[in-house]
Amino acid sequence: MSEELKARVLRIETLIDYQEGAVVSREIIRKNTGTVTIFAFDKGEGLSEHTAPFDAMVQITAGKAEITISGNKNVLEKGDMIIMPANEPHSLHALERFKMVLTMIRS
């Protein structure tokens, strides 16, 4: 999608679907300065602790997730967002199926 960036309304529900026992992602925008990616996590799935060299923002668009940043657990639901600072260890766990938008800023 990022090759032909055009102004249009997009509905996350139609851009990505849940898959049983999986984490699914789809990149929406890719630029030298950052990316926007949508994810769908099945219940119980997640991403193990890792770090990233860039600041990131997660917006929950459906469901409920636990996001741990530097050992601090945060429970987020639809409509919530959280900032993940660069180089801070973080992990994600689906308390129920959830979808999110991840915005990474590379500068």
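Residues numbered from 1 in each chain as written. Predicted model: local features only at pLDDT ≥ 70, side-chain atom pairs only at ≥ 80, totals over all residues. Heavy atoms only, no water.

Glancing now at the nonpolar core. One finds Val-58, Ile-67, Phe-98, Met-100 and Leu-102 to be the most contacted residues of the largest nonpolar core, which totals 18 residues. Mapped by element, the contributors of at least two residues to this core are strand 2 (34-41), strand 4 (55-62), strand 5 (64-69), strand 7 (81-84), strand 8 (90-94) and strand 9 (98-105). A per-element tally of this core places strand 9 first, with four residues. Excluding residues that lie within four positions of it along the chain, Phe-98 makes contacts with Tyr-18, Phe-39, Ala-40, Phe-41, Ile-60, Ala-62, Gly-63, Lys-64, Ala-65, Leu-92 and His-93. Counting eight residues, the second-largest nonpolar core is a separate cluster that includes Leu-15, Ile-16, Val-24 and Ile-28. (Core = buried A, V, L, I, M, F, W, Y, C linked by side-chain atoms within 4.5 Å. Buried < 20%, exposed > 50% of the residue type's maximum accessible area, 1.4 Å probe, protein only. Helix = DSSP H or I, 4+ residues; strand = E, 2+ residues; numbered from the N terminus. Contact = heavy atoms within 4.5 Å.)

What follows covers the sheet that holds strand 4. Strands sit in the order 1-2-9-4-7 across an open sheet of five strands; the sheet is antiparallel. Among the strands making up the open sheet, the edge pair consists of strand 1 (23-31) and strand 7. Neighbour-to-neighbour, the strand axes of the sheet open up by a mean angle of 20°, direction not taken into account. Pairing between strand 2 and strand 9: eight bridges, direction antiparallel. Residue pairing across strands places Gly-34 opposite Ile-105, the latter belonging to strand 9. (Pairing = 2+ DSSP bridges. Axes fitted to C-alpha atoms, helices over the stretch in contact; angles between N-to-C directions.)

Attention now moves to the packing of aromatic side chains. Applying the stated rule across the entire model yields two aromatic pairs. With centroids separated by 4.4 Å and ring planes inclined at 10°, the aromatic side chains of Phe-41 and Phe-98 adopt a geometry described as stacked. Here Phe-98 lies in strand 9 and Phe-41 lies in strand 2, a separation of 57 residues in the sequence. Taken as a pair, Phe-41 and Phe-98 share a single burial class, namely buried. Taken together, Phe-39, Phe-41 and Phe-98 form an aromatic cluster joined through their ring pairs. Its end group placed over the ring of Tyr-18, Lys-99 keeps NZ or CZ at 5.0 Å from the ring centre. (Phe/Tyr/Trp six-rings, centres within 6.5 Å; stacked < 30°, edge-to-face > 60°. Lys NZ or Arg CZ within 6 Å of the ring centre and 35° of its normal.)

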